[in-house]
Amino acid sequence: MCRNIVPLHNFTPPATDAECQDAALQFVRKIVGTTTPSRANQAVFDRAVTEIAASVRHLLDDLVTSAPPKVREVEAAKRQARSAERYEAIRVFQEQKRAERLTS
């Protein structure tokens, strides 16, 4: 779940409210341990997402930096490359395990 939360600070163009909302939703899902709350907890869940999204927006608006803004497309490509490496490593590991089982 947390892999879906990406840095939102210091980008050009700045993070949107929808991105703040998505990050807040993923955070609450992680904390609660479920992707979908029960009907009894839906209002509390939704309120937490709204409050955290507002906090994220305030945080991003108030942060200052002297670093040049990052380009979203470049950062997304870096994330995709890291993900591809990770999944390739998993695939290689699984193939090795299968080969070991066949030779045993």
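Note that the structure is predicted; figures quoted are calculated from it, not measured. Counting from 1, residues in each chain are numbered in the order their sequence is written. Given that this is a predicted model, residues contribute local features only at a pLDDT of at least 70 and side-chain atom pairs are listed and counted only at 80 or more, while totals for whole chains, interfaces and linings are drawn from all residues. Values reported for side chains reflect all heavy atoms of the structure, with hydrogen atoms and water molecules removed beforehand.

A look at the overall build of the protein
Argument step 1. Per the secondary structure count, the protein includes 3 helices and 2 strands.
Argument step 2. We compute the radius of gyration from the C-alpha atoms alone; for a globule the expected value is 2.2 Å times N to the 0.38, where N is the number of residues. Taken against the 2.2 N^0.38 rule, which gives 13 Å for 104 residues, the C-alpha radius of gyration of the protein at 19 Å runs more than 25% over that of a compact globule.
Argument step 3. Projected onto its principal axes, the C-alpha positions of the protein cover 60 × 45 × 15 Å.
Argument step 4. Here the protein displays about 7,900 Å² of accessible surface, and carbon together with sulfur accounts for 57% of that area. Only DSSP runs of H or I covering at least 4 residues are called helices, and only runs of E covering at least 2 are called strands; the numbering of each starts at the N terminus. Residue-level accessible areas treat just the shown protein chains as cover; the underlying method is Shrake-Rupley with a 1.4 Å probe.

With respect to the pattern of salt bridges
Pairs can form between side chains of opposite charge whenever their charged atoms are close.
Argument step 1. We define a salt bridge as a contact between a side-chain nitrogen of Lys or Arg and a carboxyl oxygen of Asp or Glu at a distance within 4 Å. Evaluation of the coordinates by the stated rule reveals 8 salt bridges.
Argument step 2. Where arginine 57 meets aspartate 17, a salt bridge forms, and the shortest distance between an N and an O atom there is 3.0 Å. Of this pair, arginine 57 sits in helix H2 (residues 42-62) while aspartate 17 sits in helix H1 (residues 17-32), and the two are 40 residues apart along the sequence.
Argument step 3. Note on aspartate 17: relative accessible area 54%, which makes it exposed.
Argument step 4. Close ionic contact of arginine 57 with aspartate 61 constitutes a salt bridge, the shortest N to O distance being 3.3 Å. Whether a residue is buried, partly exposed or exposed follows from its accessible area with a 1.4 Å probe, protein chains only, as a fraction of its type maximum: under 20%, in between, or over 50%, in that order.

Quick notes on the side chain of arginine 57
Argument step 1. Since its relative accessible area comes to 17%, arginine 57 is described here as buried.
Argument step 2. Reaching out from arginine 57, the side chain makes a polar contact with the backbone oxygen of alanine 15 at a distance of 2.9 Å.
Argument step 3. The contact definition used throughout considers only heavy atoms, calling two residues in contact when any of these lie within 4.5 Å. Ignoring sequence-local partners within four residues, the contact set of arginine 57 consists of Ala15, Thr16, Asp17 and Cys20. Polar contact criterion, stated in full: a pair of N or O atoms within 3.5 Å, where within protein one must be able to donate a hydrogen and the other to accept it, and residues adjacent in sequence count only if both atoms are side-chain atoms.

Observations concerning unusual backbone geometry
Argument step 1. With an omega dihedral of -5 degrees, the bond running from threonine 12 to proline 13 counts as a cis peptide bond.
Argument step 2. Relative to the helices and strands, proline 13 is located in the loop between strand E1 (11-12) and H1.
Argument step 3. One non-glycine residue, asparagine 10, lies in positive phi territory at about 65 degrees.

Section: the packing of H1 against H2
Argument step 1. Angular values range over 0 to 180 degrees, each being the angle between N-to-C directions of two axes fitted as lines to C-alpha atoms, with helices fitted over their stretch in contact. Packing of H1 against H2 leaves a shortest axis separation of 8 Å and a crossing angle of 130 degrees. Judged by the inter-axis angle, H1 sits oblique to H2. As H1 packs across H2, the resulting crossing turns out to be right-handed. Between H1 and H2, the residues in contact are Asp17, Cys20, Gln21, Ala24, Leu25, Phe27, Val28, Arg29 and Val32 and Phe45, Ala48, Val49, Ile52, Ala53, Val56, Arg57 and Leu60, respectively. Note that the term roughly parallel is reserved for angles under 35 degrees, roughly antiparallel for angles over 145, roughly perpendicular for angles of 65 to 115, and oblique for everything else. For a crossing to be left-handed, the near helix must be turned anticlockwise from the far one by less than a right angle; the clockwise case is right-handed.

Section: the confidence of the model for the protein
Argument step 1. Known as pLDDT, the predictor's confidence for each residue is given on a scale from 0 to 100. Taken residue by residue, the protein gives an average pLDDT of 91. The fraction at 70 or more is 96%.
Argument step 2. Least confident of the elements in the protein is E1, whose mean pLDDT is 88; most confident is H2, at 97.

Things to note about the packing of aromatic side chains
Argument step 1. In summary, the pairing rule links any two rings of Phe, Tyr or Trp, Trp by its six-membered ring, whose centres are within 6.5 Å, and it sorts them by plane angle into stacked for under 30 degrees, edge-to-face for over 60 and tilted for everything else. In this structure the tally under the stated criterion is 0 aromatic pairs.
Argument step 2. Geometry around phenylalanine 11 places lysine 70 over its ring, the cationic atom sitting 4.9 Å from the centre.
Argument step 3. Sitting above the plane of the tyrosine 87 ring, arginine 86 keeps its charged end 5.9 Å from the centroid. A positively charged side chain is recorded as over a ring if its NZ (Lys) or CZ (Arg) lies within 6 Å of the ring centre. The angle to the ring normal must also be within 35 degrees.

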